[in-house]
Amino acid sequence: MKGYGETIKQIRISKGYTQKDVAAHLLTQGAYSKFENNNTEINLGTMHGILQRLGIPFDEFYYIQNGYQYSQRDEIIIQFYRVNTHDEVLLEGLWKKCQYYLKENKDDLQINHIATILDGLIILAKTNDLEQAKTIVEPVWYDLSKHNQLFVTELYMLTTILFLFPLPTVLQMKPFILRHITMYENFRNISRLHIHLLMNITFLLMRNKNYAKARTEILNTIILCKKENDFVLLGICYIRKGICLNHLGLVGEKWIHKGRNLLNVLEQSTLLETIEQDMKRF
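Analysis parameters
- Residues numbered from 1 in each chain as written.
- Predicted model: local features only at pLDDT ≥ 70, side-chain atom pairs only at ≥ 80, totals over all residues.
- Heavy atoms only, no water.
- Helix = DSSP H or I, 4+ residues; strand = E, 2+ residues; numbered from the N terminus.
- Expected span 1.5 Å × (residues − 1).
- Buried < 20%, exposed > 50% of the residue type's maximum accessible area, 1.4 Å probe, protein only.
- Contact = heavy atoms within 4.5 Å.
- Polar contact = N/O pair within 3.5 Å; in protein donor to acceptor, adjacent residues only side chain to side chain.
- pLDDT = per-residue confidence, 0-100.
- Core = buried A, V, L, I, M, F, W, Y, C linked by side-chain atoms within 4.5 Å.
- Axes fitted to C-alpha atoms, helices over the stretch in contact; angles between N-to-C directions.
- Parallel < 35°, antiparallel > 145°, perpendicular 65-115°, else oblique.
- Left-handed = near helix turned anticlockwise from the far one by under 90°.
- Nonpolar A, V, L, I, M, F, W, Y, C, P; charged D, E, K, R; others polar.
- Salt bridge = Lys/Arg side-chain N within 4 Å of Asp/Glu carboxyl O.
- Phe/Tyr/Trp six-rings, centres within 6.5 Å; stacked < 30°, edge-to-face > 60°.
- Disulfide = S-S within 2.5 Å.
- Patch = residues over 30% accessible without salt bridge, like charges linked within 9 Å, V, L, I, M, F, W, Y side chains within 5 Å.
- Areas by Shrake-Rupley, 256 points an atom, 1.4 Å probe, with all protein chains shown as cover.

Enquirer: Outline helix H8 (residues 109-127), listing residues and values.
Expert: Owing to its 3.6 residues per turn, the α-helix brings residues three or four apart onto one side. With 19 residues, H8 extends 27 Å between its outermost C-alpha atoms, agreeing within 8% with the 27 Å of an ideal straight helix rising 1.5 Å per residue. Taken as a whole, H8 has its buried residues at Gln110, Ile111, His113, Ile114, Ala115, Ile117, Leu118, Gly120, Leu121, Ile122 and Leu124. Elements in contact with the buried residues of H8: helix H6 (72-82), helix H7 (88-104), helix H9 (130-145) and helix H10 (152-161). Put simply, Asp108 is the residue that caps the front of H8, since its side-chain oxygen is 3.3 Å from the backbone nitrogen of Gln110. Of the residues trailing H8, Asn128 is marked for its positive phi of about 60°.

Rendered as structure tokens:
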């Protein structure tokens, strides 16, 4: 991995800027030159000013510094945000990445929590044993529930395991989670987090046979899925909407058919098999 100064130098030259262009009003040219040659460090405020001048956000800078790829830790977190909780192979692959990373970074609490959540999801995918999965992830639930404020990765953790816990507990937590999601409403990909929260609550409501309230949550989720062009989750929502309508004495088969067709078109055969098992349960 290149040093900070060396990476800045690479970006500066590629943009055609001189050292004077970048250093002006931030550092003397001599101090800036030492920084580019990795002979001195600068404070965070100065680093922020240099990156602003170069038009590069911090996350892109770290990506460039790491050879145009995410760090091992960042890759785990990004994959966790996107992971399909029904896909046992993907879950196990990400779990192995966590274990490999933790060999050298055993005190990283966040990655330890992610690994524990993956443990629970793998058990659930293999055995469909909710109680065993819940027992595995309870330490994460307990730790996160003590926090006064949740940040993005913690929000993803919490929403991922919500469906394992009793409905009253989840409904009690919902305003707290939504309040923190709202704080991040303009942050990248936060709508996907909101979708996962509503989908997990919908699943719990259906499991508790509260199909009227589940239908309301599904309609809100469908709006978000369309807004984010998330057609895989939209397909799941259509199927769940159909199930709820059937239980409410209304016509739901057309929505189930629509959801199946959408998932088939998207070649989500493994996911569709899991959804079919859920349909039998309901």
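From this point, the discussion proceeds with the structure in view.
Enquirer: Run through the confidence of the model for the protein, naming residues and quoting values.
Expert: Caution applies to low-pLDDT regions: their predicted coordinates should not be interpreted in detail. Counting all residues, the mean pLDDT for the protein is 91, and 100% of those residues have values of 70 or more. When pLDDT is averaged over each helix and strand of the protein, the minimum, 79, is found for helix H16 (residues 269-281) and the maximum, 95, for helix H4 (residues 44-54).

Enquirer: So what's going on with the nonpolar core? Residues and values would help.
Expert: Within the largest apolar cluster, 74 residues are counted, with the highest numbers of intra-cluster contacts made by Phe80, Ile111, Ile114, Ile161, Leu164, Ile177 and Met206. When residues in this core are grouped by element, the largest group, eleven residues, is from helix H12 (residues 190-207). With residues up to four places along the chain from it excluded, the contact list for Ile177 reads Leu155, Leu158, Thr159, Leu162 and Leu197. Residues Ile11, Phe35, Ile50 and Ile56 belong to the second largest nonpolar core, which totals 13 residues.

Enquirer: Mind laying out the packing of H6 against H7, listing which residues take part and the relevant values?
Expert: Contact geometry for H6 and H7: axes closest at 10 Å, N-to-C directions at 155°. As judged from the angle between their axes, H6 and H7 are roughly antiparallel. Considering how the two elements wind past one another, H6 and H7 form a crossing that is left-handed. Along the contact surface, H6 presents Gln72, Arg73, Glu75, Ile76, Gln79 and Phe80, while H7 presents Leu94, Lys97, Cys98, Tyr100 and Tyr101. The class makeup of the residues in the contact of H6 with H7 is six nonpolar, two polar and three charged.

Enquirer: Residues and numbers for the pattern of salt bridges, please.
Expert: In total, this model carries six salt bridges according to the counting rule given. Among the salt bridges present, the one from Lys174 reaches Glu217, with a minimum N-O distance of 2.7 Å. Here Lys174 is found in helix H11 (residues 167-183), whereas its partner Glu217 is found in helix H13 (residues 211-228), with 43 residues between them in sequence.

Enquirer: A description of the side chain of Glu217 should follow, citing residues and the corresponding values.
Expert: Residue classification places Glu217 among the buried positions, given a relative accessible area of 7%. Ignoring anything within four residues of it in the chain, the contact list for Glu217 reads Lys174, Leu198, Ile201, Thr202 and Leu205.

Enquirer: Tell me what's going on with the packing of aromatic side chains, and back it up with residues and numbers.
Expert: Any two aromatic rings considered together are summarised by their centre-to-centre distance and by the angle between their planes. For the structure on display, the rule yields twelve aromatic pairs. On the basis of an interplanar angle of 70° and a centroid distance of 5.7 Å, the ring pair of Tyr4 and Phe61 is categorised as edge-to-face. Of this pair, Tyr4 sits in helix H1 (residues 4-15) while Phe61 is found in helix H5 (residues 58-65), placing the two residues 57 residues apart along the sequence. For Tyr4, a relative accessible area of 42% gives the class partly exposed. Plain terms: the ring middles of Tyr63 and Tyr70 are 4.9 Å apart, the flat faces sit at 65° to each other, and that makes the pair edge-to-face. Judged by relative accessible area, Tyr63 falls into the partly exposed class, the value being 29%. For Tyr70, a relative accessible area of 40% gives the class partly exposed. Taken together, Tyr4, Phe58, Phe61 and Tyr62 form an aromatic cluster joined through their ring pairs.

Enquirer: Explain the state of the cysteines to me, and be specific about the residues and the numbers.
Expert: The tally for this structure, following the rule as stated, stands at zero disulfides. Cys237 provides the cysteine sulfur closest to Cys225, a residue in no disulfide bond, and the two sulfurs are 4.1 Å apart.

Enquirer: Explain a nonpolar patch on the surface residue by residue, including any values.
Expert: Together, Phe231, Val265 and Leu266 give the surface a local cluster of nonpolar side chains, amounting to about 270 Å² of exposed area. Positionally, Phe231 belongs in helix H14 (residues 231-247). For Phe231, a relative accessible area of 38% corresponds to the partly exposed category.

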